Amino acid sequence: MSKLVLDKLKEKFGSDVLETHDQFGDDTAVVAPRAWKAACEFLRSDPALDFNLFVDLCGVDYPERSPRFEVVLHVYSVSKRHRIRLKARVGDAEGDEAELDSVASVWIGANWFERETFDMMGVVFKGHPDLRRILMYPEFEGHPLRRDYPAQKTQPLVAYRTEEEAGLAVDKVAPFGLDEGMSFGRRILQAKDN
Amino acid sequence: MGELTSARQVTLEGSESGFATTKLEDLLGWARKYSLFNYPFVTACCGMEFMAVSSPRYDFARFGAEAPRFSPRQSDLLWVVGTISQRQAPVLRRVYEQMMDPKWVMAFGTCASSGGFYDNYTTVAGIDKIIPCDIYVPGCPPRPEAVFDGLMLIQDKITSGNRTPAIVKPRNDPATALVKLRASAEGAVLEGKRGRRDEEPGR
Ligand code: SF4
């Protein structure tokens, strides 16, 4: 696609642009966390780039990598018709110090996406106007989409009924037998193993 | 209207108006089962099927259950239609607690019955973990026919006073259907091979 955007970024930020590629026509730049906000402001305000449409922001957890998290931002220019994917890598192996500047002041649409990334991954966006959980409830502990969050761990808000109270097995697989209905799912596979 | 059909009920014919003797609780049960006021707690995709059930084509008004009440205080039957997330559990619990006795609960769909394939941090794996449930209607989403089976099961339970949870059985076991499908597919492949071999000499 357009090499212009990547070239301009490299020219402006030099060694803070850690790597770039344009595989499958998707221009991608990985920038150093300290240049994150400046790069976003540049993308938005430079008249030749003019990225005026915020598309997506999310986090990815790579537990084997250091830094561990990747924050991925997609933006698009309606006037110039080009898009770019911007990435930044943050966080140590324990998932601490995953901090990045908020870009909610650059694209207002980023506000809730940063909250979601904070909620699911625990990446803290510095300078965000209202960094609360957005999908999970405030009582929830941990960040469910981190790879080290146990897949089956639930944190109920209402205490579950006990078997005596309910008068039947509460912790059940699908109520219509193993061979009927949906045969996938972890609990069913476990029940088959036992 | 329905009929009084308990063994304990006697209908006397012959007089001009006719009358029946019954017990008060039987009469109440008979009256209740044909005037269920619904509270639809619709949260997810099963809601589409709920709309089909309530609209004229399937029409659950035929069962006397047409009146939705969006106040739990006025309703008898709580329809839990769709996935219940952990975050929503307190709301569902509270809605249930606000309903007046006698009250019944129907788990509509696999998600409400057992959590379905949502086996993770988000979802309550079956509403019976937080509130009592009378009828489970499996299916993702269930066919309207299955829902009517469930509704009639509830009506039976209202007349008999039996509060043991019940499950609507699938009319066709999907597993057997899969086996049949696989057998016929294999049959077709064999068939195809044989067909080709038969044709070869002619070509
Ligand atoms: S059972 Fe299926 S259709 Fe119903 S709410 Fe769950 S996923 Fe949706």
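Residues numbered from 1 in each chain as written. Chains lettered and ligands numbered in written order. Predicted model: local features only at pLDDT ≥ 70, side-chain atom pairs only at ≥ 80, totals over all residues. Heavy atoms only, no water.

Let us look at unusual backbone geometry. Omega for the bond connecting Asp101 of chain B with Pro102 of chain B falls within 30 degrees of zero, at -5°, which places this linkage in the cis form. By the element assignment, Pro102 of chain B lies in the loop between helix 3 (89–98) and strand 6 (104–108). For Phe24 of chain A, which is not glycine, the phi dihedral falls at a positive 55°. Relative to the helices and strands, Phe24 of chain A is located in the loop between strand 1 (17–21) and strand 2 (28–31). The phi torsion at Glu97 of chain A lies on the positive side, around 55°, for a residue other than glycine. A relative accessible area of 66% places Glu97 of chain A in the exposed class. (Helix = DSSP H or I, 4+ residues; strand = E, 2+ residues; numbered from the N terminus. Buried < 20%, exposed > 50% of the residue type's maximum accessible area, 1.4 Å probe, protein only.)

Attention shifts here to the packing of aromatic side chains. Describing an aromatic ring pair means giving the distance of the ring centres and the angle of the ring planes. For the structure shown, the criterion picks out twelve aromatic pairs over all chains. Relative to Trp79 of chain B, the ring of Phe50 of chain B has its centre 5.2 Å away and its plane inclined at 70°; by these criteria the two rings are edge-to-face. Taken as a pair, Phe50 of chain B in helix 2 (residues 46–54) and Trp79 of chain B in strand 5 (residues 77–81) lie far apart in primary sequence, 29 residues in all. Take Trp79 of chain B: its relative accessible area is 0%, and that puts it in the buried class. What links up through ring pairs into an aromatic cluster is the set Tyr137, Phe140 and Tyr149 of chain A together with Tyr121 of chain B. A cation over an aromatic ring shows up here: Arg62 of chain B above the ring of Phe148 of chain B, its NZ or CZ 5.2 Å from the ring centre. The aromatic ring of Tyr96 of chain B is capped on one face by Lys103 of chain B, whose charged end is 4.1 Å from the ring centroid. (Phe/Tyr/Trp six-rings, centres within 6.5 Å; stacked < 30°, edge-to-face > 60°. Lys NZ or Arg CZ within 6 Å of the ring centre and 35° of its normal.)

Once that is clear, we can look at helix 1 (residues 24–33) of chain B. One full turn of an α-helix is made of 3.6 residues, so residues set three or four places apart face in the same direction. Residues and elements named next belong to chain B. All of the buried residues along helix 1 are Asp26, Gly29 and Lys33. Down the axis of helix 1, the buried set is contained in an arc of 60°. They therefore lie on one face. Where helix 1 is buried, its residues meet helix 5 (144–160). (Arc of directions from axis to C-beta. Contact = heavy atoms within 4.5 Å.)

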